Amino acid sequence: MYKEVYKKWIESNCLTEKDVKELIEIENDEKEIEYRFGKDLEFGTAGMRGLIGMGTNMMNVYTVRRATQGLAEYIKTLGKKELKRGVVISYDTRRMSYEFAFAAATVLASNGIKAYMFRDVHPVPMLSYAVRELQTIAGIMITASHNPKEYNGYKVYGEDGAQMSPEATAKVVEYISAIDCMSDDIACDKKAEKKIQAVPNKLDKKYYKTIKKLSLSPKEVKKVGKTIKLVYTPVHGSGYIPVTTILKKMGINATLVPEQICKDTEFSTVQVPNPEIKETLTLAIKMADFKDADVVFGTDPDCDRLGVAIRDDLGEFKTLSGNQTGILLLDYILRRLKETGKLTSKGFVVKSFVSTSMAKLIANDYGVELIETPVGFKFIGEKIKELDDSGKREYIFGFEESCGYLRGTHCRDKDAVVASMLFAEMVCYYTYNNIGVYDRLQELYAKYGYVFDTNVSVNYSGLNAMAEMNAVVDKMKTVKVEQIADLKVTAIRDYSNAQITKADGTVEQLDSAKVNAVYYELEGGSFICIRPSGTEPKLKVYYSLKCENESVAEDKFIIVKRAFEELIK
């Protein structure tokens, strides 16, 4: 079957000479042909993401047009008013990002749907903000986030600025499934290109004005903002202009890493453009040492993730985990709201269920409810819509362990521009009060107990990678686990059916969306969770171990990890 599809693509009049040449080069590679044409690139609640290249299972203008035609068919069912509201499109600095964005805009315009497109690269949070500000019916972001350079992706946002809901996504997928990449069903009128509208420049100014209002320590920033030393790298991504702009507006000085300012599709100065990884911040840390700086920031290509490094008690730079940055920001935000009398009983914070258990201890201490959601910031966006938009509650902060943070309701996805602003402001606040950020982190551990948080990824490859990962997780649902190493299992959460089974056999329903993950609650407040990544061919295991100190935790992790890996063999 896949050979027939491969042949159909080669013989199609739609392909360019360059496209045909790429396919001819693999004509003797059976495995490669099967990978590229053995299935269609999956479109889910996170959109689609894949390797760039020719094929139905790859990211290319043909699969992008097909997905956009499916989205257009869905929008048509919503009514003429929604066609006029239109769709706003943004893109990052990756290979083919502009071309994919322009292809999507052309298909929408050819279908009579108003299409807005940013004139230049803009990050995820500004796309989400644009959806809300322009009141479009949807948004499209062309990005593969922090994936290696060979990848690109296509994310769809609903009218609330959050990634499209599972219900709407299912309908879009129905339309996509009925469309052939090489068919005439995809509207693509060259004349429609002239109908594409540029996003107004004033939108950027409104975004900066909006997020600046989220400042919590203007006095402290004014006093020390120009004296703190901060090094920032956009890692060749879309964060360069927005992050430097908001820091400048705040009055906070930042030194840039010159080699990583340019929009480099190859991300040639790093192995992968992921600021979660210490190696990605190597150049920034080197410059920070040279400049005797206090803190290092790095953002990924679509600027929805923030990586941070701070000096420890020995003066050496320590890369913070997403969890550590999350608890520092959570504590700072709640502390400042309390100090200024703005912390109300209606407030709530949100985290993904795989993020550190310390967040709940901090939230409880400040008298604020903490809500857990599945992995994926769209679920945090849903909680904002459900509770804050309705006026029932007041959203304060949300985060995921994968370096994603959001304060404010201006957008409904991770916002590394806001996170950069708040972390820089936090540095100013603690500097003004003669406390180091690292010292504050140690104070939190002393107060709430040390929690060791990490995750281990198992890489998969091939056409059936997702099925194989899901099979491992499904198997764990059938295995009776009462103890992992020397830690007793107090409850098991099966998120695929939203149920929790207690050690005594009692079964209760979880207030959660259904996703494929198994979560082991362990004695003493620790946990282990296993789930397949929704964006990469990786099986992820999360460990959160509450221990006396870091040294004990690292030793314990080795033992617990070995025991759990025996279970999933």
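Since we're looking at a predicted model, the values are computed, not measured. (Residues numbered from 1 in each chain as written. Predicted model: local features only at pLDDT ≥ 70, side-chain atom pairs only at ≥ 80, totals over all residues. Heavy atoms only, no water.)

Chemist: So what's going on with the overall build of the protein chain? Residues and values would help.
Modeler: Within the protein chain, the secondary structure is distributed over 19 helices and 23 strands. The C-alpha atoms of the protein chain give 24 Å as radius of gyration, which agrees with the globular expectation for 569 residues (25 Å, within 12%). With the principal axes as the frame, the protein chain shows a C-alpha extent of 65 × 55 × 50 Å. Per-residue burial over the protein chain gives 56% buried out of 569 residues. Contacts in the protein chain between residues far apart in sequence, at least 24 positions, make up 69% of those at least 6 positions apart. Positive and negative side-chain charges of the protein chain, numbering 80 and 80 respectively, have mean locations separated by a distance of 7 Å. (Helix = DSSP H or I, 4+ residues; strand = E, 2+ residues; numbered from the N terminus. Rg over C-alpha atoms; globule rule 2.2 N^0.38 Å. Buried < 20%, exposed > 50% of the residue type's maximum accessible area, 1.4 Å probe, protein only. Contact = heavy atoms within 4.5 Å. Lys, Arg positive; Asp, Glu negative; His and termini not counted. Charge placed at Lys NZ, Arg CZ, Asp CG, Glu CD.)

Chemist: Which residues make up the environment of Ala-491, and what values go with them?
Modeler: Tracing the chain through its elements places Ala-491 in strand 18 (residues 487-494). Accessibility expressed as a relative area gives 2% for Ala-491, which makes it buried.

Chemist: Tell me about helix 7 (residues 124-134), and please be specific about residues and values.
Modeler: Counting buried residues in helix 7 gives eight out of 11 residues, a clear majority hidden from the surface. Here helix 7 has its buried residues at Val-124, Pro-125, Met-126, Leu-127, Ser-128, Tyr-129, Ala-130 and Val-131. Against the buried residues of helix 7 lie strand 2 (87-91), strand 4 (138-142), strand 5 (151-157), helix 9 (202-212), helix 11 (240-250) and helix 16 (416-432). Note on helix 7: the residue one or two positions beyond its end, Gln-135, has a positive phi of about 55 degrees.

Chemist: Would you mind going over the sheet that holds strand 4 in detail, with residue names and values included?
Modeler: The strand order 1-5-4-2-3-6 describes an open sheet built from six strands, whose pairing is mixed. Of all the strands in the sheet, just strand 1 (48-51) and strand 6 (197-198) have a single pairing partner and so form its edges. Sheet topology places strand 1 next to strand 5; four bridges connect them, and they run antiparallel. Bridged to Gly-50 within strand 5 is Asn-152. Lying on the sheet, helix 4 (residues 61-76) is in contact with strand 1, strand 2, strand 4 and strand 5; it crosses strand 5 at an angle near 5 degrees. (Pairing = 2+ DSSP bridges. Axes fitted to C-alpha atoms, helices over the stretch in contact; angles between N-to-C directions.)

Chemist: Can you lay out the nonpolar core for me, pointing to particular residues and giving the numbers?
Modeler: Judged by nonpolar contacts, the single largest core of 101 residues is most densely connected at Phe-297, Phe-397, Phe-423, Ile-484, Tyr-520, Ile-530 and Phe-564. Considering each element in turn, this core owes the most residues, 13 residues, to helix 16. Counting 51 residues, the second-largest nonpolar core is a separate cluster that includes Tyr-62, Tyr-74, Val-172 and Ile-196. (Core = buried A, V, L, I, M, F, W, Y, C linked by side-chain atoms within 4.5 Å.)

Chemist: Can you explain the packing of aromatic side chains? Please cite residues and give values.
Modeler: In the structure shown here, the tally under the stated rule is 23 aromatic pairs. Look at Tyr-445 and Tyr-450: their rings are 4.5 Å apart centre to centre, the planes differ by 50 degrees, and that puts the pair in the tilted class. Tyr-445 sits in the buried class, given a relative accessible area of 9%. Taking the centre distance of 4.7 Å and the plane angle of 20 degrees together, the rings of Tyr-519 and Phe-527 count as stacked. The two residues Tyr-519 and Phe-527 agree in class, both being buried. (Phe/Tyr/Trp six-rings, centres within 6.5 Å; stacked < 30°, edge-to-face > 60°.)

Chemist: Outline the pattern of salt bridges, listing residues and values.
Modeler: Within the structure shown, the criterion is met by 41 salt bridges. A salt bridge links Arg-305 to Glu-276, with the shortest nitrogen-to-oxygen separation between them at 2.9 Å. Residue Arg-305 is located in the loop between strand 9 (295-299) and strand 10 (306-311), and its partner Glu-276 is located in the loop between strand 8 (255-256) and helix 12 (282-291); the two are separated by 29 residues in the primary sequence. With a relative accessible area of 9%, Arg-305 lands in the buried category. For Glu-276, a relative accessible area of 27% gives the class partly exposed. Residues joined by salt bridges that share partners form a network here, namely Lys-155, Asp-302, Asp-304, Asp-413 and Lys-414. (Salt bridge = Lys/Arg side-chain N within 4 Å of Asp/Glu carboxyl O.)

Chemist: Which residues make up the sheet that holds strand 7 (residues 230-233), and what are the values?
Modeler: The strand order 8-7-9-10-11 describes an open sheet built from five strands, whose pairing is mixed. The two strands at the open ends of the sheet, each matched to only one other strand, are strand 8 and strand 11 (317-319). Of the strand pairs in this sheet, strand 9 and strand 10 are connected by five bridges, and their pairing is antiparallel. What sits directly across from Val-295, in strand 10, is Ile-310.

Chemist: Please give an account of the packing of helix 1 (residues 2-11) against helix 2 (residues 17-24) that cites residues and values.
Modeler: Running from N to C, helix 1 and helix 2 cross one another at 150 degrees; their axes reach a closest spacing of 9 Å. Here helix 1 runs over helix 2; the crossing is left-handed. Every residue of helix 2 that contacts helix 1 at Tyr-6, Trp-9 and Ile-10 is listed here: Val-20, Leu-23 and Ile-24. Here the residues of the contact of helix 1 with helix 2 sort into six nonpolar, no polar and no charged. (Left-handed = near helix turned anticlockwise from the far one by under 90°. Nonpolar A, V, L, I, M, F, W, Y, C, P; charged D, E, K, R; others polar.)

Chemist: Explain the packing of helix 4 against helix 6 (residues 97-110) to me, using residue names and the numbers behind them.
Modeler: Their axes nearest at 9 Å, the elements helix 4 and helix 6 cross at an angle of 35 degrees. Considering the relative orientation of helix 4 and helix 6, their crossing is right-handed. Seen from helix 4, the contacting residues are Val-61, Val-64, Arg-65, Thr-68, Gln-69 and Ala-72; seen from helix 6, they are Phe-100, Ala-103, Ala-104, Val-107 and Leu-108. Of the residues in the contact of helix 4 with helix 6, the class split is eight nonpolar, two polar and one charged.

Chemist: Break down helix 19 (residues 550-567) for me, with residues and values.
Modeler: It helps to recall that an α-helix has 3.6 residues per turn; residues three or four apart then point in one direction. The end-to-end C-alpha distance of helix 19 is 25 Å, a good match for the 26 Å that 18 residues give at a rise of 1.5 Å each. Every buried residue belonging to helix 19 is among Ala-553, Lys-556, Phe-557, Val-560 and Phe-564, and all of these are buried. (Expected span 1.5 Å × (residues − 1).)

Chemist: Describe the pairing of strand 4, and please don't skip the residues or the numbers.
Modeler: Of all the five residues making up strand 4, five are buried; the element is thus mostly covered by neighbouring parts of the structure. Burial of strand 4 is two-sided: the residues Ala-138, Ile-140 and Ile-142 facing one way and the residues Gly-139 and Met-141 facing the other way are all buried. Strand direction decides the pairing type here: strand 2 and strand 4, joined by five bridges, are parallel. Paired with Val-88 across the two strands is Gly-139, which belongs to strand 4. Examined bridge by bridge, strand 4 and strand 5 share four bridges and lie antiparallel to one another. By the bridge assignment for strand 5, Met-141 is matched with Lys-155.

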